[in-house]
There are 2 protein chains.
Amino acid sequence: MTAAEKHQAGRNPAAVPQPPGGRCPQPRGGGRLNGRAGIRDVAAAAGVSITTVSDALNGKGRLPDATRSHVREVAERLGYRPSAAARTLRTGKSGLIGLTVTTYGEEPFTFTEYAYFAEMVRAATSTALARGYALVILPAPARRGPGGTVVALGPDVWSNVALDGTVVVDPSDQDPVVGELVRSGLPVVSDGRPSPSLPVAAWVDNDHEAAVRGILDHLAENGARRIGLLTGTSTDTYTRVSTTAYLEWCRRVGQEPVYERYPAHDPCAGAVAADRLLARPDRPDAVYGLFDPNGTDLLAAARRYGLRVPEDLLLVCCSESTSYATTAPPITTLSLKPGRIGTAVVQLLIDVIEGVGPTRPVQQVMPTELIVRTSSRRAGRPVTVSPPRVPATE
Amino acid sequence: MTAAEKHQAGRNPAAVPQPPGGRCPQPRGGGRLNGRAGIRDVAAAAGVSITTVSDALNGKGRLPDATRSHVREVAERLGYRPSAAARTLRTGKSGLIGLTVTTYGEEPFTFTEYAYFAEMVRAATSTALARGYALVILPAPARRGPGGTVVALGPDVWSNVALDGTVVVDPSDQDPVVGELVRSGLPVVSDGRPSPSLPVAAWVDNDHEAAVRGILDHLAENGARRIGLLTGTSTDTYTRVSTTAYLEWCRRVGQEPVYERYPAHDPCAGAVAADRLLARPDRPDAVYGLFDPNGTDLLAAARRYGLRVPEDLLLVCCSESTSYATTAPPITTLSLKPGRIGTAVVQLLIDVIEGVGPTRPVQQVMPTELIVRTSSRRAGRPVTVSPPRVPATE
DNA sequence: CTGAAAGCGCTAACAA
DNA sequence: TTGTTAGCGCTTTCAG
């Protein structure tokens, strides 16, 4: 067969005679441009080929400026919008980035419930958009139901959306789907150190150990003798690392650990745990709470037991909420700077997608910020602010 | 030409002899499955046709259960993931819903900065996922720069993502892109009454007039004689409608309006405006603040002027933040119930996309909730809670 | 510098 | 019931 014959064989059916019966072949398929102009219409209207249209609109080929602007004008006039689906199919790039949160405990989808996530998502979205990507919010990939079976929440949206990569917040080491995503070659970057068995392309995290040490030192400097911890029961990295750092610190300074754990997703349980902590016979004279609402809970509990803050009890909690500036008294908070995390994680992901930067896994540690307020300042004590640590990028 | 000949002409090139030179035709195109299994691989491995694979996986045709499960098993074994892009191109449905916020004033992208948006987005995402759609967060479509030119923020993400429809929060009547979206046939549903010139398919909104009237009545019942308003300078519907309702109420009860406007996106301006309002010679004895941080700002200003809340000054502000339950004193807030709004707006949009429900424009008015706390309860006055209004659906 | 055509992976219409 | 094939709209290679 000659090359000409090959072309013959593949020729557009429109060029061959009609099938017997003379009727026109019906257009099939549901995606037919619904009255809107396609690239062919533009090409016809502009008197050029579709290649030229594509090149002109994407700034690709080396066309005369006149042609380019003419095509652009015609496209504009016809209200031509290129089909994102077709482009994605052809190029293999969708311009879409997934964002998913392995939520605390069994809570279904609490996403922006806490100020942390709100700010993190805001920054991530903004950064993605600035680099020409859009963020798709996706459900936690999978969860273990009773009996260890994987429970999907509703239809499998994951496989229905073409992603160039995805951000996983707080990846659980048990999640089989995250592992599968990575293995299938999709770039995955995580917020929070993943377990070593999850070979994500990069991760970003705060230095939680240093943050906890900084807080405990700060409390000790302000006169605390016995520092308690309010922590969670879940196995995410944040909870685990922070709790370990606390225990380690206690061991180092020779203090007996005093802590209460509760399921972090349940606000009522938090209030109860705060109460329990202050009801103990070995009541702490300072408490650090790992989760956002701990501050108010501890304040309420202190009030119930007639403890004055900061005179009888020093208080710090980890929170992004500005409302702690206006409680009575204002409460010292640790900010994880979620905005920076969101930005960093998306930058890293897009770098991986676009193949710029190192191909080795990247770990990026972001500084935290201790915002010292009345609740942790014992009268007559000097104010100490941990200086922001320099981000260490490997 | 016979039907057989037609098929001949269109036959798969793989079935025809190689071109001269004997080399295989090079695969072109960038989207080539990167080592991963395609539907053809599954078909080959399972010993069936690709149609059967497609039908088996999508639960479409009427195949024997044996075939179906066999195909599923093979697909699973090969790690087959269907290409969302190809499916979208073919079916014309992407399963993607856009969500965009026309941000306040000139602020670039403040999205989840306020608890309202956080909760609204959370609910919208959750609802979308439950119905098999994912949410894509997109930038405000366009803004007027100096001189009236349309300013795009970064690359045009809008035209690069295949949407089945979109939610527009607080659509500005000047935005040309929203109008274009509607005109191009994309289903658009808005949170907030759109201007009549924007023919969206449906909208959801609170009854802001009724909410403002309810608050003013509540304050009056608690002894307020001169009620002030802290409002914004922007032209979005919420600000406009609320302010008008306030002025109308004043006219009706014969009170001279006392209000300050400020650019709502600027928190400092809010604090200054709160101060200004309480510094006036005709100082109000009650204030309603339209925006989230007004409560704390007004509280701080009241403290500066030595005004006791609620004895000297009654306070209400519109906010979704739970932190107002723990301020000193706790502040009465109006909740717009953003979760319900987010859910409703997505349900409506998906109904339109899927062609269920009425085709006429739908207006859905959602109730608000006044959470009465100490700041608006004058001692000795009875507590009054506006009963939640029944949602009126046309 | 421009145009023809192949084909991305899938689904739906039709043929067998 | 299963298989064959056209083609969704676009980008890209390659020939002219």
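Residues numbered from 1 in each chain as written. Chains lettered and ligands numbered in written order. Predicted model: local features only at pLDDT ≥ 70, side-chain atom pairs only at ≥ 80, totals over all residues. Heavy atoms only, no water.

## Concerning the overall build of chain A
This is how the line gets drawn: Under the DSSP-based scheme used, a helix requires at least four consecutive residues in state H or I and a strand at least two consecutive residues in state E, with every element numbered from the N terminus. Contacts are assigned to residue pairs with any non-hydrogen atoms lying within 4.5 Å of each other. Each accessible area is a Shrake-Rupley result for a 1.4 Å probe, and residues are judged covered by the shown protein chains and nothing else.
From N to C terminus, chain A includes 12 helices and 15 strands. Long-range pairs, those at least 24 residues apart, make up 67% of the contacts in chain A with a sequence separation of at least 6. Carbon and sulfur atoms make up 53% of the accessible area of chain A, which amounts to about 18,200 Å² in all.

## Considering the pairing of strand E9 (residues 258-262) of chain A
Residue and element names in this part refer to chain A. As a reminder of what qualifies: Working definition: with a 1.4 Å probe on protein chains only, accessible area under 20% of the residue-type maximum means buried, over 50% means exposed, and in between means partly exposed. We treat two strands as partners when DSSP finds at least two bridges between them. When the strands point away from the viewer and the connection leading from the first strand across the helix to the second strand turns clockwise, the crossover is called right-handed.
Because side chains alternate across E9, one face comprises the buried residues Val258, Glu260 and Tyr262, and the other comprises Tyr259 and Arg261, none of which is buried. Pairing of strand E8 (residues 227-232) with E9, which is carried by 5 bridges, proceeds in the parallel orientation. Opposite Gly232, over in E9, you have Tyr262 as the bridge partner. The parallel pair E8 and E9 is bridged by helix H9 (residues 237-253), and the resulting crossover is right-handed.

## A look at unusual backbone geometry
Most peptide bonds take the trans form, and the phi angle of most residues other than glycine is negative. Residue and element names in this part refer to chain A. Residues Val309 and Pro310 are joined by a peptide bond in cis, for which omega reads 5°. Positionally, Pro310 belongs in the loop between helix H11 (294-304) and strand E11 (314-318). Of note in this structure, Asp170 is not a glycine but carries a positive phi near 55°. With respect to the helices and strands, Asp170 occurs in the loop between strand E5 (165-169) and helix H7 (176-183). On the accessibility criterion, Asp170 (13% relative accessible area) is buried.

## With respect to the side chain of A:Asp292
Note the following rule: Counted charges follow a simple rule, with Lys and Arg positive, Asp and Glu negative, and His plus the chain ends left uncounted. Should a side-chain nitrogen of Lys or Arg be within 4 Å of a carboxyl oxygen of Asp or Glu, the pair is scored as a salt bridge.
Here A:Asp292 is to be found in the loop between strand E10 (286-289) and H11. One buried charged residue, A:Asp292, remains without a salt bridge, the closest side chain of opposite sign being A:Arg373 at 9.9 Å.

## Quick word on the packing of helix H8 (residues 208-221) of chain B against helix H9 (residues 237-253) of chain B
Relative placement of two packed helices is described by the angle separating their axes and the distance separating the axes. Residues and elements named next belong to chain B. Rules: Simply put, an axis is a line fit to the C-alpha atoms, just over the touching stretch for a helix, and the angle between two N-to-C directions goes from 0 to 180 degrees. Convention used here: angles under 35 degrees read as roughly parallel, angles over 145 as roughly antiparallel, angles from 65 to 115 as roughly perpendicular, and any remaining angle as oblique. We call a crossing left-handed when the near helix sits turned anticlockwise from the far one by less than a right angle, and right-handed when that turn is clockwise.
Their axes nearest at 8 Å, the elements H8 and H9 cross at an angle of 45°. On the basis of the axis angle, H8 is oblique to H9. As H8 packs across H9, the resulting crossing turns out to be right-handed. Where H8 approaches H9, its residues His208, Glu209, Val212, Arg213, Leu216, Asp217 and Ala220 are matched on the opposing element by Tyr238, Val241, Ser242, Ala245, Tyr246, Trp249 and Arg252.

## Remarks on the nonpolar core
As a reminder, the rule being used: The term nonpolar core refers to a set of buried residues drawn from Ala, Val, Leu, Ile, Met, Phe, Trp, Tyr and Cys, joined through side-chain atoms within 4.5 Å.
Grouped together as the largest cluster of nonpolar side chains are 146 residues, with contacts concentrated most on A:Met120, A:Val167, A:Tyr288, B:Val167 and B:Tyr288. When neighbours within four sequence positions are excluded, A:Met120 is seen to be in contact with A:Leu99, A:Val167, A:Val169, A:Asp191, A:Pro338, A:Ile341, A:Gly342 and A:Val345. Listed in part, the 38 residues of the second largest apolar core include A:Trp158, B:Val157, B:Leu163 and B:Val182.

## Overview of the environment of B:Tyr262
All names here are of chain B. Counting through the fold element by element, Tyr262 comes out in strand E9 (residues 258-262). Taking C-alpha positions, Tyr262 is 25 Å from Arg252, a pair spaced 10 residues apart along the chain. With near-sequence residues (within four places) excluded, Tyr262 lies in contact with Leu230, Thr231, Gly232, Thr233, Ala269, Gly270, Ala273, Phe291 and Asn294.

## A closer look at the sheet that holds strand E12 (residues 332-335) of chain A
Residues and elements named next belong to chain A. With mixed pairing, the 6 strands of this open sheet are ordered in space as E9-E8-E10-E11-E12-E14. Each end of this open sheet is capped by a strand with a single partner; those strands are E9 and strand E14 (369-371). This sheet shows a mean twist of 15° between the axes of neighbouring strands, independent of strand direction. Of the pairings in the sheet, the one linking E12 to E14 comprises 3 bridges and is antiparallel in character. Within E14, the residue paired with Leu334 across the bridge is Leu370. Packing of H11 onto the sheet brings it into contact with E8, E9, E10 and E11, and relative to E11 it is tilted by some 155°.

## Describing the side chain of A:Thr52
Residues and elements named next belong to chain A. Assignment of secondary structure puts Thr52 in helix H3 (residues 50-58). With a relative accessible area of 17%, Thr52 lands in the buried category. The contact partners of Thr52, leaving out residues within four places of it in the chain, are Leu63 and Thr67.

## Notes on the sheet that holds strand E14 (residues 369-371) of chain B
All names here are of chain B. The 6 strands are arranged E9-E8-E10-E11-E12-E14 in an open sheet whose pairing can be described as mixed. The open sheet has two edge strands with one neighbour each: E9 and E14. Strand-to-strand twist of the sheet, defined as the mean angle between neighbouring strand axes without regard to direction, takes the value 15°. Sheet analysis places strand E10 (residues 286-289) next to strand E11 (residues 314-318), joined by 4 bridges and oriented parallel. Within E11, the residue paired with Tyr288 across the bridge is Val316. Taken strand by strand, helix H11 (residues 294-304) contacts strand E8 (227-232), E9, E10 and E11, and its axis lies near 155° from that of E11.

## Re the confidence of the model for chain A
Under the convention used in this document: Within a predicted model, pLDDT stands for the predictor's per-residue confidence, ranging from 0 to 100.
Taken residue by residue, chain A gives an average pLDDT of 81. The fraction at 70 or more is 79%. Here residues 1-31 of chain A scores under 50 on pLDDT; set against residues more than four positions off or in separate chains, the count is 30 contacts.

## Points about H11(B)
All names here are of chain B. For H11, the full list of buried residues reads Asn294, Gly295, Asp297, Leu298, Leu299, Ala301 and Ala302. Here the buried face of H11 lies against E8, E9, helix H10 (267-279), E10 and E11. Looking at the residues trailing H11, positive phi occurs at Gly306, about 70°.

## Thoughts on H11(A)
Residues and elements named next belong to chain A. A large share of H11 lies buried, amounting to 8 of its 11 residues. Those residues of H11 that fall on the buried side of the exposure criterion are Asn294, Gly295, Thr296, Asp297, Leu298, Leu299, Ala301 and Ala302. Looking at the buried side of H11, the elements it contacts are E8, E9, helix H10 (267-279), E10 and E11.

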